[in-house]
Amino acid sequence: MIAIFDSGFGGLTVLKPIIDELPDYDYLYLGDNARAPYGNHSPETIKRYCEEAVEYLFENGATLIIFACNTASSIALRHIQQKYLNGTDERDRKILGVLIPVSQEVAKNKESKRIGLIGTRATVSTSAYDDEIKKINPGLTLHKIECPLLVPLIEEDWHKKPEAVMILKKYLRPLKNANIDSLILGCTHYPLMYESISKKMGRNVKVLDSGKITAKSLKDYLSRHPEIESKLSKNSSRTYLTTDLPDKMKEFIKKNFDLKVDKVKKIELKRKN
Ligand code: DGL
């Protein structure tokens, strides 16, 4: 089974394009809503939360886990891969993130010179995106802005309100002044404000949505790795799990995504010390 992991609702912006690209597989979505947002926590806490989620997902049938969360991908992915994949057979389990596909997409585009990135405080504090982008093209410059108020506004379904658009405008101003040509939406939630973001940035800025890029990259990955692909079940089932209020997740999905959702189950993650 393919598991999509996020701190909360945001990863649904990654799940949706993945399902659109690869509808036949079985999906397990886990949102750790009880502890979201991750973006304001310390790296140690984020790593522990990710360990607890990964252990749950592997114990409950996942073969391939996608870290949809940019914060988790930036802070914890390497640590998690070392801890849970080292010494195991590559064909048995795999964990992938959103950061590499997005960095590759932007850095390989010959027209990108000045790149902007918006994300949570935790994502912006690391050099994870910078490192991946510069590995491919060391000449690129990356302008990063943390936007901590956007996630709570989106979770509250306030993202279309003028107050949210005003805050967004303030966050984007330095990027407009930096004359960027590409903007990475380095947070799962921001595609829900895609229209306002592209409108504010103007026609000359290419806005990159990590969900769509990850979906294409996953499709390509599975075509190149039949040893993993053949292990994934294909009954088009979708299971939604949350560590908090199932009805809230169900409502959020119904309101924002064209996804069929019969049931959301509440789960507890085993606490690690
Ligand atoms: N999912 C997170 C991300 O993509 C945003 C929400 C959070 O801070 O947990 O960075």
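Here the structure is shown first, and the text comes after it.
All figures in this text were calculated on a predicted structure; none of them were measured in a lab. (Residues numbered from 1 in each chain as written. Predicted model: local features only at pLDDT ≥ 70, side-chain atom pairs only at ≥ 80, totals over all residues. Heavy atoms only, no water.)

1. Observations concerning the pattern of salt bridges
Which entries qualify depends on this criterion: One side-chain nitrogen of Lys or Arg within 4 Å of one carboxyl oxygen of Asp or Glu is enough to make a salt bridge. Here a strand is any run of E in DSSP of at least two residues, a helix any run of H or I of at least four, and the numbering for each starts at the N terminus. Only protein chains enter the accessibility calculation, which uses a 1.4 Å probe. A residue is then buried if its area is under 20% of the maximum for its type, exposed if over 50%, and partly exposed in between.
Applying the stated criterion to the full structure yields 20 salt bridges. Two residues, Arg224 and Asp220, come together in a salt bridge whose shortest N-O distance is 3.1 Å. A residue pair is termed a helical-turn pair when its members lie 3 or 4 positions apart in one helix, as Arg224 and Asp220 do in helix α11 (residues 210-224) at four residues. The partly exposed category is assigned to Asp220, whose relative accessible area is 38%.

2. What to know about the sheet that holds strand β2 (residues 27-31)
For clarity, the cut-off: Strands are labelled as partners when DSSP assigns at least two bridges between them. Helix axes are fitted only over the stretch in contact, all axes being lines through C-alpha atoms; the angle between N-to-C directions runs from 0 to 180 degrees. Two residues form a contact once any of their heavy atoms are found within 4.5 Å.
Strand order in the open sheet formed by six strands is β4-β3-β1-β2-β9-β10, and the pairing between neighbours is parallel. Because the sheet does not close on itself, it has two edges, and the strands there are β4 (94-96) and β10 (264-266). Sheet twist, expressed as the average angle between the axes of neighbouring strands with direction ignored, equals 20 degrees. Relative to β4, strand β3 (residues 64-67) runs parallel, the two being bridged by three bridges. Looking at β4, one finds that Leu64 is bridged to Lys94. Together, β1 (2-6), β2, β3, β4 and β9 (238-242) form the strand contacts of helix α2 (residues 43-59), whose direction differs from that of β3 by roughly 150 degrees. Contacts between α11 and the sheet are confined to β3 and β4, with β3 contributing the most and set at about 155 degrees to the helix.

3. Describing the side chain of Thr123
Where we set the bar: Between N or O atoms, a polar contact is any pair within 3.5 Å; within protein, one atom must be a potential hydrogen donor and the other a potential acceptor, and residues adjacent in sequence are included only when both atoms are from side chains.
The residue Thr123 is located in helix α6 (residues 121-125) in this model. On the accessibility criterion, Thr123 (2% relative accessible area) is buried. Looking at Thr123, its side chain comes within polar contact range of the side chain of Thr71, at 3.4 Å. Ignoring any residue separated from it by four or fewer positions in sequence, one finds Thr123 in contact with Asn70, Thr71, Ser74, Tyr129 and Gly186.

4. Things to note about the packing of α2 against helix α4 (residues 77-85)
Between two packed helices, the angle of one axis relative to the other and the distance separating the axes together describe the packing. For clarity, the cut-off: The cut-offs work like this: below 35 degrees is roughly parallel, past 145 is roughly antiparallel, 65 to 115 is roughly perpendicular, and the gaps in between are oblique. Handedness of a crossing is defined here by the sense of rotation of the near helix relative to the far one, left-handed for an anticlockwise turn of less than a right angle and right-handed for a clockwise turn.
At a closest axis distance of 10 Å, the pairing of α2 and α4 adopts a crossing angle of 40 degrees. Relative to α4, the element α2 is oriented oblique. Crossing hand, α2 versus α4: right-handed. Where α2 abuts α4, its residues Lys47, Cys50, Glu51, Val54, Glu55 and Phe58 lie against His79, Ile80, Lys83 and Tyr84.

5. Brief notes about the pairing of β2
The element β2 is extensively covered by neighbouring structure, given that five of its five residues are classed as buried. Both faces of β2 are covered, namely the face carrying Tyr27, Tyr29 and Gly31 and the face carrying Leu28 and Leu30. In the sheet, β1 pairs with β2 via five bridges, with the strands oriented parallel. Looking at the pairing, Ile4 lines up with Tyr29 of β2.

6. What to know about the nonpolar core
Rules: The set of buried Ala, Val, Leu, Ile, Met, Phe, Trp, Tyr and Cys residues whose side-chain atoms join them within 4.5 Å is what this entry labels a nonpolar core.
With 54 residues, the main nonpolar core has Ile118, Leu183, Tyr190, Ile197 and Tyr240 as its most contacted residues. Once you skip the residues sitting within four places of it in the chain, Leu183 turns out to touch Gly116, Leu117, Ile118, Leu172, Leu175, Ile197, Met201, Val205, Lys206, Val207 and Leu208. Listed in part, the 30 residues of the second largest apolar core include Met1, Ala72, Ala76 and Leu269.

7. As for the sheet that holds strand β6 (residues 141-146)
Pairing within the open sheet is parallel, and its four strands lie in the order β6-β5-β7-β8. Edge strands, defined here as strands with exactly one partner in the open sheet, are β6 and β8 (206-209). Taking the axes of each pair of neighbouring strands and ignoring which way they run, one obtains an average angle of 20 degrees across the sheet. Across the sheet, helix α7 (residues 128-136) is in contact with β5 (114-119), β6 and β7 (182-186); its angle to β6 comes to roughly 160 degrees. Against the sheet, helix α9 (residues 162-177) contacts β5, β6 and β7, and its axis sits at roughly 165 degrees relative to β6.

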